[in-house]
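Understanding the architecture of this molecule
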Amino acid sequence: MSKQKTVLKGVDPSRLTTLLEAAADVSLIVNKQGKITAASFAASDLSADLHDALVGNRLVDTVIDDSREKAEDLLAAGPGSPAISRELVHRLPDGSEFPIRYGAGAVFPDGRIVLLGRDLRAIAALQQQVLDAQKALEQDYWRLRHVEARYRLLFQMAGEPLLIVDEASRRVLEANPLADRLLAAG
């Protein structure tokens, strides 16, 4: 902690504020009652999507149920406690969800908390693509297992002796029961 104090000693507070707001996609000020009193956004689409859904509301009321405890963790950041970070998913008025990773710290003398957030929509979209690809692979795997089971059943029940031979090595890879009996008989 003392190293951070040394690094930031003599910094112009207004310029530091500008830098922090530029580095964050979303900056929120939350009062001691947990109400979002101010917000700034790095992009106009973020402002359009989030401003009315956040400002004037309690932070815990703006997130999905799974994020409520994490929001409460962020609000517990007191003047003496270290900064913490949590991923929250905000529920917007249209029902859509908006994931943001926040860092929080009580930096105001009156106990207000600053939340600096990064938009996680791109990461969430990539995670969804991975899940969709995994689901498709699992479906293909099971489809292939069913096809293989039908092939095995037909191969075993065929009325003619059948051999599957590797073309390159000319080795017998598979033989159905009728072929096994003929080959065993010599």
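This text gives an overview of the structure that appears in the document. This structure is a prediction, so every number in the text was calculated from the model and none was measured. (Residues numbered from 1 in each chain as written. Predicted model: local features only at pLDDT ≥ 70, side-chain atom pairs only at ≥ 80, totals over all residues. Heavy atoms only, no water.)

Notes on the overall build of the chain
Stated formally: For helices the rule is a DSSP run of H or I covering at least 4 residues; for strands it is a run of E covering at least 2, with both sets numbered from the N terminus onward. For the radius of gyration, the atoms used are the C-alpha atoms, and the globule rule reads 2.2 Å times the number of residues raised to 0.38. We call a residue buried when its accessible area falls under 20% of the maximum for its residue type, exposed when it is over 50%, and partly exposed in between, using a 1.4 Å probe and counting protein chains only.
Looking only at helices and strands, one finds six helices and seven strands in the chain. In terms of overall dimensions, the chain is more spread out than a globule: its C-alpha atoms have a radius of gyration of 31 Å, far above the 16 Å expected for 186 residues. Reported as C-alpha extents along the three principal axes, the dimensions of the chain are approximately 95 × 40 × 30 Å. Burial status across the chain gives 25% buried among its 186 residues.

A word on the pairing of strand 3 (residues 84–91)
If a strand is regular, its side chains alternate between the two faces of the sheet. Our working definition: We treat two strands as partners when DSSP finds at least two bridges between them.
Relative to strand 4 (residues 97–105), strand 3 runs antiparallel, the two sharing eight bridges. Bridge assignment links L88 to a residue of strand 4, and that residue is I100. Here strand 3 folds back onto strand 4, and the loop between the two strands holds five residues, one of which, G95, carries a positive phi near 95°.

Side note on the nonpolar core
Quick reminder of the rule: Nonpolar cores are built from buried Ala, Val, Leu, Ile, Met, Phe, Trp, Tyr and Cys residues. Side-chain atoms within 4.5 Å join them into one set. Residues count as neighbours in contact if any of their non-hydrogen atoms are within 4.5 Å of one another.
By size, the foremost hydrophobic cluster in this structure holds 23 residues, and its most contacted members are V26, L28, L50, L54, L88, Y102 and L115. With near-sequence residues (within four places) excluded, L50 lies in contact with V26, F41, L92, F98 and I100.

A look at the side chain of T62
Rules: We define a polar contact as two N or O atoms separated by no more than 3.5 Å, with the added condition that, inside protein, one atom must be a possible hydrogen donor and the other a possible acceptor, whereas residues neighbouring each other in sequence contribute only through side-chain atom pairs.
As for its placement among the helices and strands, T62 is situated in the loop between helix 3 (44–54) and helix 4 (68–75). Classification of T62 as buried rests on a relative accessible area of 4%. A distance of 3.0 Å separates the side chain of T62 from the side chain of H90, its partner in a polar contact. Excluding its chain neighbours within four sequence positions, the residues that come into contact with T62 are I36, A53, L54, N57, V89, H90 and R91.

Considerations on the environment of L178
Summarising the element assignment, L178 is placed in helix 6 (residues 177–184). Setting aside anything within four residues of it in sequence, one finds L178 in contact with A158, G159, E160 and P161.

Here's the deal with unusual backbone geometry
Despite not being glycine, R170 has its phi angle at roughly 60°, a positive value. Looking at where R170 falls in the secondary structure, it is placed in the loop between strand 6 (163–165) and strand 7 (172–175). Note on R170: relative accessible area 71%, which makes it exposed.

Examining the environment of Q134
By the element assignment, Q134 lies in helix 5 (residues 121–157). Since its relative accessible area comes to 41%, Q134 is described here as partly exposed.

Here we look at the packing of aromatic side chains
We apply this condition: When two rings of Phe, Tyr or Trp (its six-membered ring) have centres within 6.5 Å they constitute a pair, described as stacked for plane angles under 30 degrees, edge-to-face for angles over 60, and tilted for the intermediate range.
Applying the stated rule across the entire model yields two aromatic pairs. Where Y141 meets W142, the ring centres are 5.2 Å apart and the plane angle is 75°; that geometry is what we call edge-to-face. Seen from their ring centres, Y151 and F155 are 5.7 Å apart, and the 25° between their planes marks the pair as stacked. Of this pair, Y151 and F155 are both found in helix 5, four residues apart, which corresponds to roughly one turn of the helix.

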